[in-house]
Amino acid sequence: MDLYSFAPIAAILDFAYSFVQFLSQLLSPLAGSASAAAAIVVLTLLVRTVLIPVGISQGRAEHGRRRIAPKLAALQERYKRKPELLATKMRELYAAEKTSPFAGFLPVLAQAPVLSVVYGLFILPQINGHANGLLTETLGGVPLGMSLVRLLGGGEAWPSVLVFLALLALIAGVAAISRLVMLRTATPPAANAPAFQARLTGILSWMPFITVIFASFVPLAATLYLATTTTWTLVERAIVRRALGIATPPAAPALG
């Protein structure tokens, strides 16, 4: 079953579509033919603004994990031969520190439906039974419904490909910075932790670059959305970390 065809979700999508059209008309005197693209950016920023509490929750969860990391490591070392007692001591520690290993996960899951609806606006050819006119608008002469892969396959990519290259370069730059921050702020594994845990951190640090690959296959409207939301996420996390006083340790050698 297509989730976007479910009546309540289709109605929400239709409302969001009308709102984007309104934003496009509002921005038309300033953005001209790029007004639809500008509306996508504005809508994304509005949605991410509403979701700021989620970012704060994630920041607090990270702060909590870093704060108790040394205590957890000490417990793991002390009770490494008594797994049941270790589990009990860890629960007691989390309770005393008023945190949880799953802190911050629930808000992230809660935002998923909102972001899914917004994303649907930028990939669906039809919304609630009518054509998605947003995808017929253009940015730099490229239809918002065109993907980089389709553009390259058409044989006449130049100079339209420059629009995609600019957005992909932005996403890649954000991914590179995100990876650096992830490596610098990752909680060090316990002294007795298996070697693969440190290796896993290095592997996971490359995950942000998957967005670059994904953005090459989706319509330009979705690529623009991804460029905006990933940039917002990077800036938001930096601000939240600073506001919560989460120190960034000196750079360490890359882990693979």
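It should be noted that the structure appears before, not after, this text.
The notes below deal with the structure included here. Keep in mind it's a predicted model, so treat the numbers as computed, not measured.

Reading guide: rules and limits
- Residues numbered from 1 in each chain as written.
- Predicted model: local features only at pLDDT ≥ 70, side-chain atom pairs only at ≥ 80, totals over all residues.
- Heavy atoms only, no water.
- Helix = DSSP H or I, 4+ residues; strand = E, 2+ residues; numbered from the N terminus.
- Contact = heavy atoms within 4.5 Å.
- Areas by Shrake-Rupley, 256 points an atom, 1.4 Å probe, with all protein chains shown as cover.
- Expected span 1.5 Å × (residues − 1).
- Buried < 20%, exposed > 50% of the residue type's maximum accessible area, 1.4 Å probe, protein only.
- Core = buried A, V, L, I, M, F, W, Y, C linked by side-chain atoms within 4.5 Å.
- Phe/Tyr/Trp six-rings, centres within 6.5 Å; stacked < 30°, edge-to-face > 60°.
- Lys NZ or Arg CZ within 6 Å of the ring centre and 35° of its normal.

1. A closer look at the overall build of the protein chain
Part 1: Within the protein chain, the secondary structure is distributed over 10 helices and four strands.
Part 2: Start at the N end of the protein chain and walk to the C end: the helices and strands fall as α-α-α-α-α-β-β-β-β-α-α-α-α-α.
Part 3: Counting contacts in the protein chain only where the partners sit at least 6 residues apart, residues at least 24 apart contribute 70% of the total.
Part 4: Within the structure as shown, the protein chain displays about 14,500 Å² of accessible surface, and the carbon and sulfur contribution to it stands at 69%.

2. A short note on helix α7 (residues 161-185)
An α-helical segment advances 3.6 residues per turn. Residues three or four places apart therefore align on the same side.
Part 1: In this model α7 runs 36 Å from its N-terminal to its C-terminal C-alpha over 25 residues, within 8% of the 36 Å that 1.5 Å per residue would give.
Part 2: By the burial criterion, the buried members of α7 are Val161, Val163, Phe164, Leu167, Leu168, Ile171, Val174, Ala175, Ser178, Arg179, Leu183 and Thr185.

3. Quick word on the nonpolar core
Part 1: Ranked by internal contacts, the top residues of the largest apolar core, which has 49 residues, are Leu121, Phe122 and Leu144.
Part 2: Mapped onto this core, the elements with two or more residues apiece are α1 (7-31), α2 (35-50), α5 (105-121), α6 (148-153), α7, α9 (210-215) and α10 (220-244).
Part 3: Counting seven residues, the second largest nonpolar core, distinct from the first, contains Ile68, Leu72, Leu75 and Tyr94.

4. Some thoughts on the packing of aromatic side chains
For any pair of aromatic rings, the description rests on two quantities: the centre-to-centre distance and the angle between the ring planes.
Part 1: Across all of its chains, the model carries five aromatic pairs by this definition.
Part 2: Taken together, a centroid distance of 5.5 Å and an interplanar angle of 40° make the contact between Phe122 and Tyr225 tilted. Of this pair, Phe122 sits in the loop between α5 and β1 (126-127) while Tyr225 sits in helix α10, placing them 103 residues apart in sequence. Across the pair, Tyr225 and Phe122 agree in class, each one buried.
Part 3: Ring pairing ties together the aromatic residues Tyr119, Phe122, Phe214 and Tyr225, which thus form one cluster.
Part 4: In this structure, Arg179 packs its charged tip against the face of Trp206, placed 3.7 Å from the ring centre.

5. A look at unusual backbone geometry
Part 1: Here the phi dihedral of Asn128 falls at roughly 50°; this positive angle occurs in a residue that is not glycine.
Part 2: Here Asn128 is to be found in the loop between β1 and β2 (130-131).
Part 3: According to the relative accessible area criterion, Asn128 is partly exposed, its value standing at 44%.

These values are about where atoms sit, not about what they do.
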